[in-house]
Amino acid sequence: MSDMSLGNGGGRSGEWRAAGQSQESAQGSSQGSSQGPSHSYPLLVRDHGLGTALKLLLETLPYALARWGVLLGFAAACAVFAFVAVGGAVWLGTHVASVFGYCWLLGTLLLGGWIWGAILRYTLHMIACGHVAVLTELITHGRIGNGTEGQFAYGRRIVMDRFGEVAVLFGLNGLIRAVLRAFHNALDTLGDWLPVPGMKAIVGLLNTILSAATRYLDKVVLSYDLARGGDDPRRNIQDGLVYYCQNARPILTTSVWMVIVERILSILLCLLLLVPAGLVTVWLPEAVREYGAIVTVFIAALLAVTVRAAFIQPLFLICMMIRFHALIEHQPINSTWVAISTASPTSSGRSDAETAFACRAEQQAYRPMPGVDRNS
């Protein structure tokens, strides 16, 4: 646990050693051949507990508030959008033809909803990348830039300077969601096939843990790219992905307690927001107040979703970022994984991710069993 101050000042030179000097944190690369660490940057924060994460979140509170404002704005606009979609469908169905009403409703909800969701995800992604840039500076140097820039100015400059990497990681996030969706469907099918009591609960828990483990992958890799620096962002992202997979076990362990704490905080948040939601309901028109309980629960749920996305999820992102940087601080990178990730995917007809996972499975398969001599 680190009690290091996050403020400006000296003492940073003694906080990190030369790359490759320590081998104590190299457990994650025990399979396959390895080389020295592919990075060398200072690290001032190593404690990934909630207290440290909360302190960093409060230091970067403007980004959390900006995220919350965007979410509330999009929620209000979404309500207007839904009103236009349903109202337009009713008007067309009444004054023109019912088929036009159905077409309008499906078109606006499916196509318009998809475009709306993509805009929201990209807007939140850009805000999160600026937040990650500021957090990375605080975690590694204890200050933002040269100390003269504000948080938004620094985050905007970094995101614009590295727009290519930001766009690539946005695509990576979408790819991860698609792969997870397919994997979740496969697990759900397996749970339906196996007549084992409690199987669906186990499958749901696995899906939740895997989602938590990969939710912040693109942001953690961006943080590694920014901390490492240099003129080769492609290699930074590639090595960041290798390190993330290389430390899958501790990351999954961290994800388990993150899931538990996040569920507890979300439930408490929902209960706490029932009070302000009830006050909002009192101020609504009388026709709406007739459905007081439903409206109150709806407003509380809406507020809880936005607060969770704006404050609770960034809190766990900070935990995962610190955990990742602490794990790889002096950790050699697995050269086998690096060689596979740099190989052309067309040579085997598989993507880099598929090849890396296949390599991991092969290494696990060839791991010596206790008491068995592989040379005999």
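Worth saying up front: this structure is predicted, and the values here are computed from it rather than measured. (Residues numbered from 1 in each chain as written. Predicted model: local features only at pLDDT ≥ 70, side-chain atom pairs only at ≥ 80, totals over all residues. Heavy atoms only, no water.)

1. Regarding the overall build of the protein chain
Part 1: Looking only at helices and strands, one finds 13 helices and 0 strands in the protein chain.
Part 2: Helices and strands appear in the protein chain in the N-to-C order α-α-α-α-α-α-α-α-α-α-α-α-α.
Part 3: A buried classification covers 41% of the 376 residues belonging to the protein chain.
Part 4: Of the roughly 20200 Å² that the protein chain leaves accessible, carbon and sulfur atoms contribute 68%. (Helix = DSSP H or I, 4+ residues; strand = E, 2+ residues; numbered from the N terminus. Buried < 20%, exposed > 50% of the residue type's maximum accessible area, 1.4 Å probe, protein only. Areas by Shrake-Rupley, 256 points an atom, 1.4 Å probe, with all protein chains shown as cover.)

2. Some details on the environment of leucine 252
Part 1: As for its position among the elements, leucine 252 is in helix H9 (residues 248-282).
Part 2: Leucine 252 sits in the partly exposed class, given a relative accessible area of 34%.
Part 3: Between the C-alpha atom of leucine 252 and that of leucine 210, which follows or precedes it by 42 residues, the distance is 7.6 Å.
Part 4: Setting aside residues no more than four positions away along its own chain, leucine 252 makes contact with Ile209, Leu210 and Ala213. (Contact = heavy atoms within 4.5 Å.)

3. Overview of the packing of helix H3 (residues 98-140) against helix H7 (residues 217-228)
Packed helices, taken two at a time, are described by the angle their axes make and the gap between the axes.
Part 1: Closest axis-to-axis distance for the H3/H7 pair is 9 Å, and the angle between their directions is 50°. Relative to H7, the element H3 lies oblique. Where H3 crosses over H7, the handedness of that crossing is right-handed. Across from His125, Ala128, Cys129, Val132, Ala133, Thr136 and Thr140 in H3, the residues of H7 making contact are Asp218, Lys219, Leu222, Ser223, Leu226 and Ala227.
Part 2: Looking at the contact of H3 with H7 residue by residue, the class counts come to 7 nonpolar, 4 polar and 2 charged. (Axes fitted to C-alpha atoms, helices over the stretch in contact; angles between N-to-C directions. Parallel < 35°, antiparallel > 145°, perpendicular 65-115°, else oblique. Left-handed = near helix turned anticlockwise from the far one by under 90°. Nonpolar A, V, L, I, M, F, W, Y, C, P; charged D, E, K, R; others polar.)

4. Observations concerning the environment of histidine 39
Part 1: Along the polypeptide, histidine 39 turns up in the segment before helix H1 (50-59).
Part 2: Judged by relative accessible area, histidine 39 falls into the buried class, the value being 5%.
Part 3: When the C-alpha atoms of histidine 39 and glycine 229 are compared, they prove to be 8.9 Å apart, with 190 residues separating the residues in sequence.

5. What to know about the packing of aromatic side chains
Any pair of aromatic rings gets described here by the distance separating the centres and the angle formed by the planes.
Part 1: All chains considered together, the criterion is met by 7 aromatic pairs.
Part 2: Plain terms: the ring middles of tryptophan 68 and phenylalanine 311 are 5.7 Å apart, the flat faces sit at 65° to each other, and that makes the pair edge-to-face. A residue pair is termed long-range when its members are at least 10 positions apart, and tryptophan 68 in helix H2 (residues 61-95) and phenylalanine 311 in helix H11 (residues 292-327) qualify at 243 residues.
Part 3: Overall, phenylalanine 311 belongs to the buried group, its relative accessible area being 18%.
Part 4: The structure contains a cluster of three or more aromatic residues connected by ring pairs, namely Tyr41, Tyr224, Tyr243, Tyr244 and Phe324. (Phe/Tyr/Trp six-rings, centres within 6.5 Å; stacked < 30°, edge-to-face > 60°.)

6. Description of empty space enclosed by the protein
Part 1: A complete count under the given rule lists 2 cavities of 30 Å³ or more for this structure.
Part 2: Contributing to the lining of the second largest cavity are Cys129, Ala133, Ile158, Val159, Arg162, Val166, Leu222 and Leu226.
Part 3: Among the elements of the structure, H3, helix H4 (151-161) and H7 are those that each provide at least two residues to the lining of the second largest cavity.
Part 4: Split by residue class, the lining of the second largest cavity holds 7 nonpolar, no polar and 1 charged. (1 Å grid on protein atoms, 1.4 Å probe; cavity = no way out; pocket = protein on both sides within 12 Å on 5 of 7 lines; lining within 4 Å. Points joined across faces, edges and corners; volume = space filled by probe spheres on them.)

7. Re the packing of helix H6 (residues 199-215) against H9
Part 1: One way to put it is that H6 packs onto H9 with a least axis distance of 8 Å and a crossing angle of 110°. As far as their axial angle goes, H9 and H6 are roughly perpendicular. When H6 is examined against H9, the residues Thr208, Ile209, Leu210, Ala212, Ala213 and Arg215 are found in contact with a partner set consisting of Ile251, Leu252, Ser255, Val256, Val259, Glu262 and Arg263.
Part 2: Taken together, the residues that form the contact of H6 with H9 break down as 8 nonpolar, 2 polar and 3 charged.

8. Topic: H4
The α-helix advances 3.6 residues per turn, and as a result positions three or four apart in sequence lie on the same side.
Part 1: Of all the residues in H4, the buried ones are Gln151, Tyr154, Gly155, Ile158 and Val159. Down the axis of H4, the smallest arc covering the buried residues is 125°, so these residues share one side. Exposed side chains of H4 directed beyond 90 degrees from the buried face belong to Arg156 and Asp161. (Arc of directions from axis to C-beta.)

9. Comments concerning the confidence of the model for the protein chain
The predicted coordinates should not be examined in detail at positions where pLDDT is low.
Part 1: Averaged over all residues, the pLDDT of the protein chain equals 77, while 76% of them reach at least 70.
Part 2: Across the protein chain, the element-wise mean pLDDT spans from 46 in helix H13 (residues 352-365) up to 94 in H1. (pLDDT = per-residue confidence, 0-100.)

10. Re the pattern of salt bridges
Part 1: Under the defined criterion, the tally for this structure stands at 10 salt bridges.
Part 2: Arginine 215 is the salt-bridge partner of glutamate 262, the closest N and O atoms lying 3.2 Å from each other. In this pair, glutamate 262 sits in helix H9 while arginine 215 sits in helix H6, placing the two residues 47 residues apart along the sequence.
Part 3: A relative accessible area of 2% places glutamate 262 in the buried class.
Part 4: A salt bridge links glutamate 262 to arginine 308, with the nearest nitrogen and oxygen atoms 2.6 Å apart. Highlighted residues: glutamate 262 in helix H9 and arginine 308 in helix H11, separated in sequence by 46 residues.
Part 5: Ionic contacts of the salt-bridge type, sharing partners, join the residues Glu149, Arg157 and Asp161 into one network. (Salt bridge = Lys/Arg side-chain N within 4 Å of Asp/Glu carboxyl O.)

11. Describing helix H8 (residues 233-246)
Part 1: In a regular helix each residue adds 1.5 Å, so 14 residues correspond to 20 Å; H8 covers 19 Å between its end C-alpha atoms and thus fits that length.
Part 2: Among all positions in H8, only Asn236, Ile237, Gln238, Asp239, Gly240, Val242, Tyr243, Tyr244 and Gln246 are buried. (Expected span 1.5 Å × (residues − 1).)

12. Quick look at the side chain of asparagine 236
Part 1: Note that asparagine 236 resides in helix H8.
Part 2: Overall, the relative accessible area of 2% leaves asparagine 236 in the buried class.
Part 3: Of the polar contacts made by the side chain of asparagine 236, one reaches the backbone oxygen of glycine 229; its length is 2.8 Å.
Part 4: If we ignore the near neighbours within four places in the chain, the residues touching asparagine 236 are Tyr224, Asp225, Arg228 and Gly229. (Polar contact = N/O pair within 3.5 Å; in protein donor to acceptor, adjacent residues only side chain to side chain.)

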